[in-house]
Amino acid sequence: MSGLLARRMDRRQVLAGAGGGALAALWETGRIRLAMAQTPPATMVDALAFDLATEPPTLDPATTYDVDGWSVVHSIYDALVQYGPDGALQPLLAESLTSPDPLTWEVKLREGVTFQNGEPFDAKSVAFSVQHITDPETKSQVAGNFAVIEAVEEIDPHRVRLKLTAPAPWLPAQMAAWLVMLPPVYAADPANDFANNPVGTGPYRFAGWDRGVEVRLEVNPDYFTNSPKGTPIARAVRYHWAPEATTRVSDLLSGASDLIRDVPADQLAPVESAAIVIAQSISGSAWVRIPTDVAPFDDVRVRQALNYAVDVDAIVQALLAGHGQRLANFFVPGGLGFDPELTPYPYDPGKAKALLTEAGYPDGFDTELAYTSTERMELVAAVAGQLTDVGVRAKLTPVEKATFNATWTDSSVAPLRYATWRPMFDPYTLLSLLVSNAGFLSRYDNPNAQAILDAAAIETDSGKRAAEYRELGQILRDEPAAIYLFDLTEFYGASHDLPPWTPRADDYLIPTVVSK
């Protein structure tokens, strides 16, 4: 990183959600630029090309599960609410979202919005979208997060009342990611195959999909003004799939792409020499899931040993250019439940070996560590190498992302799995899926944690809920559900010709700019 020089940000300056001491220090010393506020372009450019690592299998929002797929989905569709750069929920297609009592959410809808096929956006859209994501035929992995909605009452075309079976203070956070609004007439007709031919209200509309190559979008000329999502910056956008980081960097440097994500630390200097590096703080965390339903990981001493075994700070310095801090659990700075007073595990291989011996594994054991083929292998290899140093010999297994996402609870596959999760403004999604004993992705069962999980899920007082999550964080630290690694920073590579563009703290790559 010492060779990186910050250039003038001029008209290519970008909006912050950039926080954190490490990022601030790098900015002050002039090594790398942070995302900062900017002015929208006077005119749109004709075309932009963005490189993403992973092609989604579908553009049905209810069954899209990763940030690359969300980037396309949230360019085409809008949700009722979205996260702003500071992590606060903002109205999007909703004008307001209120809870007059613990079992009710009332939504006032934005008027005058139409879908890209001309259908009006109204209360019927909300009812249909809820029905779709909860329909067993949809097979959405997050359907359970919306099962609390007992009824959608259409008060009038622009007012909706959601009746709940239990208090759900976390529901708006689920809406932001998953509950985008669908056009009911179009989407209900099987002949339209909306999963492959999507129609939304968003800043861009679907223009074509060459499987294995790219998705093409074009600007939605009727997108509503003053959207918190921002103003479109191009008349046409091409999302190109490039799983290998070296390919993405090559595309940027050759001019084939205007914006790429996931620039590896060892490629920052080459990118900075010919383009622009943008560092964006992301509300997310990296970790290695540890199950509790199979030996030897059912022994808390083994799970603690794995945490002592990994030198997270050294990995951050060597492979992430110093961006990121070691975490004590899943929770991240700025997110609900984060406790700055809670100390992460120190790197202590001697303590790790002692705990393994105490648990009956003085010579360690063999295991398997899976990761998606789009993750940075050197990060996973560094973790595995340090586990090996204390006797835990972890075979590395790269897995195609769709298969990885479908096998979280399969006891026949690798018990350890490296993953990143975003956003973490409200941790309910991760906790309900991965930590709860009934979670769709869970192989963790801890009665102490479960009691607090259940209580926090229905606590409507935000202060009390935050305190409960901090208490849960202590339990998750002491009785680990993972090897807790670091919070996330996204490194984007941008061409000098990229117009003003706003990166987001949820890491969706949407071709819009949000004004100051």
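Located above this text is the structure these notes cover.
Residues numbered from 1 in each chain as written. Predicted model: local features only at pLDDT ≥ 70, side-chain atom pairs only at ≥ 80, totals over all residues. Heavy atoms only, no water.

Caption draft 1: Examining the packing of aromatic side chains more closely. Going through the model one piece at a time under the given rule, you end up with 17 aromatic pairs. A ring pair is formed by Y83 and F425, whose centres lie 4.5 Å apart and whose planes are at 40°; its orientation type is tilted. Of this pair, Y83 sits in strand β3 (residues 81–83) while F425 is found in the loop between β17 (416–421) and α13 (428–435), placing the two residues 342 residues apart along the sequence. We classify Y83 as buried; its relative accessible area is 11%. (Phe/Tyr/Trp six-rings, centres within 6.5 Å; stacked < 30°, edge-to-face > 60°. Helix = DSSP H or I, 4+ residues; strand = E, 2+ residues; numbered from the N terminus. Buried < 20%, exposed > 50% of the residue type's maximum accessible area, 1.4 Å probe, protein only.)

Caption draft 2: Representation of helix α9 (residues 312–319) in the model. Regarding α9, the residues found buried are V312, I315, V316 and L319. The buried side chains of α9 occupy one side of the element, clustering within an arc of 100° when seen end-on. Of the residues in α9, the exposed ones pointing more than 90 degrees away from the buried face are Q317 and A318. In the core, the buried residues of α9 are packed alongside α11 (377–389) and β18 (482–494). In the stretch just after α9, A321 is the one whose phi turns positive, near 55°. (Arc of directions from axis to C-beta. Contact = heavy atoms within 4.5 Å.)

Caption draft 3: View of the pairing of strand β8 (residues 159–164). The alternating pattern of β8 places V160, L162 and L164 on a buried face and R159, R161 and K163 on a face that is not buried. Across 5 bridges, the pairing between strand β6 (residues 104–109) and β8 is antiparallel. Note that in β8 the partner of T104 across the bridge is K163. The pairing of strand β7 (residues 149–156) with β8 spans 6 bridges and is antiparallel. The residue bridging E153 from the neighbouring strand is R161, located in β8. (Pairing = 2+ DSSP bridges.)

Caption draft 4: Summary view of the sheet that holds β8. One open sheet accounts for 4 strands, arranged β5-β6-β8-β7; its pairing is antiparallel. Across the chains shown, the open sheet's two edge strands, defined by having one partner strand only, are β5 (94–101) and β7. On average, adjacent strands in this sheet sit at an angle of 20° to one another, irrespective of strand direction. In the packing of helix α3 (residues 123–134) onto the sheet, the strands contacted are β6, β7 and β8, and the crossing angle to β7 comes to about 170°. (Axes fitted to C-alpha atoms, helices over the stretch in contact; angles between N-to-C directions.)

Caption draft 5: View of empty space enclosed by the protein. Within the structure shown, the criterion is met by 4 cavities of 30 Å³ or more. Approximately 50 Å³ is the volume attributed to the largest cavity. As for the largest cavity, its lining consists of D60, P61, A62, S129, H132, I133, W178, L179, V180 and L182. Considered class by class, the residues forming the lining of the largest cavity number 7 nonpolar, 2 polar and 1 charged. (1 Å grid on protein atoms, 1.4 Å probe; cavity = no way out; pocket = protein on both sides within 12 Å on 5 of 7 lines; lining within 4 Å. Points joined across faces, edges and corners; volume = space filled by probe spheres on them. Nonpolar A, V, L, I, M, F, W, Y, C, P; charged D, E, K, R; others polar.)

Caption draft 6: View of the side chain of S285. On the secondary structure map, S285 appears in strand β14 (residues 276–289). Look at S285 and you get buried, because its relative accessible area is 0%. One polar contact links S285 to W287, side chain to side chain, over a distance of 3.3 Å. Dropping the residues within four chain positions of it, S285 is found in contact with L327, F330, V332, A419, T420, W421, M424, F486, D487 and L488. (Polar contact = N/O pair within 3.5 Å; in protein donor to acceptor, adjacent residues only side chain to side chain.)

Caption draft 7: Highlighting helix α4 (residues 171–178). With respect to burial, α4 is a largely interior element, 8 of its 8 residues being buried. All buried positions along α4 are accounted for by L171, P172, A173, Q174, M175, A176, A177 and W178.

Caption draft 8: Expanded view of the environment of A402. Residue placement: A402 occurs in helix α12 (residues 401–406). The class for A402 is partly exposed, based on a relative accessible area of 41%. As for A402 and T372, which are separated by 30 residues in sequence, their C-alpha atoms are 8.8 Å apart.

Caption draft 9: Just the pattern of salt bridges, in detail. The full count for this structure, using the stated rule, is 24 salt bridges. The salt bridge involving E106 is made with R161; its shortest N-O contact spans 3.1 Å. Of the two residues, E106 is situated in strand β6 and R161 in strand β8; the sequence distance between them amounts to 55 residues. Take E106: its relative accessible area is 26%, and that puts it in the partly exposed class. The salt bridge involving R393 is made with D366; its shortest N-O contact spans 2.6 Å. With R393 in strand β16 (residues 392–399) and D366 in strand β15 (residues 365–372), this residue pair connects regions lying 27 residues apart in the sequence. When its relative accessible area of 60% is taken as the criterion, D366 is described as exposed. Through salt bridges with shared partners, one network takes in D68, R261, R422, E490 and D507. (Salt bridge = Lys/Arg side-chain N within 4 Å of Asp/Glu carboxyl O.)

Caption draft 10: How the structure looks around the packing of α13 against helix α15 (residues 462–478). Taken N-terminus to C-terminus, the directions of α13 and α15 make an angle of 40°; their axes are 13 Å apart at the nearest point. Viewed along their axes, α13 and α15 adopt a mutual orientation that is oblique. Relative to α15, the crossing made by α13 is left-handed. Residues Y428, L431 and V435 of α13 form the contact with α15, whose participating residues are R465, Y469, L472 and L476. Within the contact of α13 with α15, the residues separate by chemical class into 6 nonpolar, no polar and 1 charged. (Parallel < 35°, antiparallel > 145°, perpendicular 65-115°, else oblique. Left-handed = near helix turned anticlockwise from the far one by under 90°.)

Caption draft 11: The arrangement of the pairing of β15 in detail. Counting buried residues along β15, 6 of its 8 residues qualify, which places the element largely inside the surrounding structure. Where β15 meets β16, 8 bridges bridge the pair, whose relative direction is parallel. The partner of D366 across the bridge, within β16, is R393. At this point the chain moves from β15, through α11, to the parallel β16, and the crossover so formed is right-handed. Examined bridge by bridge, β15 and β17 share 2 bridges and lie parallel to one another. Among the inter-strand pairings, A370 is bridged to a residue of β17, identified as R417. (Right-handed = clockwise from strand over helix to strand, strands pointing away.)

Caption draft 12: Inspection of the side chain of D251 at higher detail. Position of D251 among the secondary structure elements: in helix α6 (residues 245–254). Buried D251, no salt bridge; nearest opposite-charge side chain is R238, N-O distance 6.7 Å. Those residues within four positions of D251 in sequence are excluded, and the remaining contacts are D51, H240, A242, A256 and S257. (Lys, Arg positive; Asp, Glu negative; His and termini not counted.)

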